[in-house]
Amino acid sequence: MKNRFSDKVVIVTGSSLGIGFASAQQFANEGAHVVLCARNAEKLKYAAQQISDAGGKVSFEVIDLEDTDLFKGLIERTAESQGRLDVLVNNAAVTRHRTIDNMSLEQWRKNFCVTADATFVGTKTAMSIMAKQEQGGSIVNISSSCGSKATIGVSGYSAAKAAVNSFSSCAAMEGATQGVRVNTVVPGSVATAASQAAVGGNQKIQDAIHETIPMKRSGTPEEIAAAITFLASDEASFITGVELPVDGGKLAQLYVPTTLV
Ligand SMILES: NC(=O)c1ccc[n+]([C@@H]2O[C@H](COP(=O)([O-])OP(=O)(O)OC[C@H]3O[C@@H](n4cnc5c(N)ncnc54)[C@H](OP(=O)(O)O)[C@@H]3O)[C@@H](O)[C@H]2O)c1
């Protein structure tokens, strides 16, 4: 096993489940002290227990990222108590599936409060800490293929993810001479509680989605985590400002009806 995060301090948001939890496990397996956060205390405790049972260094804080002051405080306290902050993964997102005619301004804004606003506040706070460290730091923001491709019923989520893409590229430019790398992982369909809820647990819809993916399946949280930990690690020391799709070929695909090939 690699040991890329030995003695490093890593914060992963939305880390009680899914992609965030799989990432936290991989960071901890490779030597990091990982800080978990999410809203549900029981799920968070269970996640932390699994990591510590496997020998990982872990702490956690119950937090709603809609309160960006609390989030800023969590990042600052972590850097203060641990003496450093090496990696921040802005993973948590809020998704509201609605067509435009059914969406209020308040619901539209809800899509941005965690996905875009917490990503902004987290990146700003972490960058200022990392820029003062000799070793710099790395920020990985989690977007979605919805951030660059369109479908029905997810305009608010998609617009917020597009904001994450654009903001992350700009942050990469501002961090480049300060030793802070900022990259974006762009998952396609991934088998998590959130994606199951999005299709109402309907296997027929899930199969139809898989049919549209070149690799004919969803990714696993661990496959997304592998991209996140790579970009966060020193193996990616000359990589900043990229959007890395991890989607079984979906974004690269030129759709051609199968009757023609
Ligand atoms: N799954 C997919 O197919 C897919 C595809 C493309 C992109 N993504 C992106 O990947 C990321 C993770 O998705 P996922 O599928 O792994 O999600 P998930 O399984 O639903 O997990 C979401 C995590 O975020 C936490 N969370 C949600 N709202 C929060 C809030 N307001 N404050 C603090 N924590 C919060 C949840 O815990 P609590 O509910 O307890 O707070 C949980 O730990 C998201 O950015 C998502 O947009 C996912």
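Scroll up to find the structure.
This section reports on the structure supplied with the text. All values derive from a computational prediction rather than experimental measurement. (Residues numbered from 1 in each chain as written. Predicted model: local features only at pLDDT ≥ 70, side-chain atom pairs only at ≥ 80, totals over all residues. Heavy atoms only, no water.)

**Some details on the environment of Ser168**
Thought 1: In this structure, Ser168 sits in helix H5 (residues 155–175).
Thought 2: Sequence-wise, Ser168 and Ser81 are 87 residues apart; in three dimensions their C-alpha atoms are separated by 27 Å.
Thought 3: In this view, Ser168 contacts Asn141, Val182 and Thr184; residues no more than four positions away in its chain are not counted. (Helix = DSSP H or I, 4+ residues; strand = E, 2+ residues; numbered from the N terminus. Contact = heavy atoms within 4.5 Å.)

**Topic: unusual backbone geometry**
Thought 1: In this structure, Asp7 is a non-glycine residue whose phi angle is positive, near 65 degrees.
Thought 2: Of note, Asp7 is situated in the segment before strand E1 (9–13).
Thought 3: Of the residues examined, Asp7 reaches a relative accessible area of 55% and is grouped as exposed.
Thought 4: Non-glycine residue Lys216 carries a positive phi angle of around 60 degrees.
Thought 5: Within the secondary structure, Lys216 sits in the loop between helix H7 (203–211) and helix H8 (221–232). (Buried < 20%, exposed > 50% of the residue type's maximum accessible area, 1.4 Å probe, protein only.)

**A closer look at the packing of helix H1 (residues 18–29) against H8**
Thought 1: Interaxial distance between H1 and H8 falls to 8 Å at its minimum, and their mutual angle equals 55 degrees. The angle between H1 and H8 places the two elements in the oblique class. Crossing of H1 over H8 shows right-handed handedness. Residues Gly18, Ile19, Ala22, Ser23, Gln26 and Phe27 of H1 form the contact with H8, whose participating residues are Pro221, Glu222, Ile224, Ala225, Ala226, Ile228, Thr229 and Ala232. (Axes fitted to C-alpha atoms, helices over the stretch in contact; angles between N-to-C directions. Parallel < 35°, antiparallel > 145°, perpendicular 65-115°, else oblique. Left-handed = near helix turned anticlockwise from the far one by under 90°.)

**Regarding the state of the cysteines**
Thought 1: If you walk through the whole model with that rule in mind, you get zero disulfides.
Thought 2: Sulfur of Cys37: no disulfide; nearest cysteine sulfur belongs to Cys113 and is 14 Å away.
Thought 3: A relative accessible area of 1% means that Cys37 is categorised as buried.
Thought 4: According to the relative accessible area criterion, Cys113 is buried, its value standing at 12%. (Disulfide = S-S within 2.5 Å.)

**Concerning the sheet that holds strand E5 (residues 137–142)**
In any sheet, the strands associate via hydrogen bonds between backbone groups, in a parallel or an antiparallel arrangement.
Thought 1: Strand order in the open sheet formed by seven strands is E3-E2-E1-E4-E5-E6-E7, with parallel pairing between adjacent strands. A strand with exactly one partner marks an edge of an open sheet, and here the two such strands are strand E3 (57–62) and strand E7 (243–246). Averaged over neighbouring strand pairs, the angle between their axes works out to 20 degrees when direction is ignored.
Thought 2: In this fold helix H3 (residues 68–82) packs onto E1, strand E2 (33–38), E3 and strand E4 (87–90), with an angle of close to 160 degrees to the strand it touches most, E1.
Thought 3: Contacts from H5 reach E5, strand E6 (180–187) and E7 within the one sheet, and its direction differs from that of E6 by about 160 degrees. (Pairing = 2+ DSSP bridges.)

**Some thoughts on the site of the ligand**
Thought 1: Taken together, 28 residues surround the ligand, and among them Ser16, Arg39, Asn91, Tyr157 and Thr192 come closest.
Thought 2: Between Asn40 and the ligand, the recorded distance is 2.9 Å, taken from a backbone N or O atom to an oxygen atom.
Thought 3: Within the backbone of Val190, an N or O atom sits 2.9 Å from an oxygen atom of the ligand.
Thought 4: Protein contacts shield 89% of the accessible area of the ligand, which totals 890 Å² for the unbound molecule.
Thought 5: Looking at the shell around the ligand, the elements that each hand over two or more residues are H1, H5 and helix H6 (193–198). (Near = heavy atom within 4 Å. Polar contact = N/O pair within 3.5 Å; in protein donor to acceptor, adjacent residues only side chain to side chain. Areas by Shrake-Rupley, 256 points an atom, 1.4 Å probe, with all protein chains shown as cover.)

**What about the packing of aromatic side chains?**
What describes a pair of aromatic rings is the distance from one ring centre to the other and the angle between the planes of the rings.
Thought 1: Counted by the stated rule, this structure contains three aromatic pairs.
Thought 2: Consider the rings of Phe5 and Phe27, whose centres lie 4.8 Å apart with planes at 70 degrees: the pair is edge-to-face. Of this pair, Phe5 sits in the segment before E1 while Phe27 sits in helix H1, placing them 22 residues apart in sequence.
Thought 3: In this structure Phe5 comes out as buried when scored by relative accessible area, which is 1%.
Thought 4: Given a relative accessible area of 0%, Phe27 falls into the buried group.
Thought 5: Measuring from ring centre to ring centre gives 5.2 Å for Trp108 and Phe112, while their planes differ by 45 degrees; the resulting arrangement is tilted. Taken together, the residues Trp108 and Phe112, both in helix H4 (residues 105–131) and four residues apart, mark about one turn of the helix.
Thought 6: Of the residues examined, Trp108 reaches a relative accessible area of 32% and is grouped as partly exposed.
Thought 7: With relative accessibility at 18%, the residue Phe112 sits in the buried group. (Phe/Tyr/Trp six-rings, centres within 6.5 Å; stacked < 30°, edge-to-face > 60°.)

**Some details on the nonpolar core**
Thought 1: Phe27, Val34, Leu36, Val89, Val140, Val185 and Ile228 are the most contacted members of the largest nonpolar core, which has 28 residues in total.
Thought 2: Only E1, H1, E2, helix H2 (41–53), E4, E5 and H8 provide two or more residues apiece to this core.
Thought 3: Each residue touching Val34, except ones within four places of it in the same chain, is listed here: Val10, Val12, Ala24, Ala28, Ile51, Lys57, Val58 and Ser59.
Thought 4: Ranked by size, the runner-up nonpolar core spans 26 residues in total, among them Ile11, Cys37, Cys113 and Met130. (Core = buried A, V, L, I, M, F, W, Y, C linked by side-chain atoms within 4.5 Å.)

Such coordinate-based values are descriptive only and should not be taken to indicate function.
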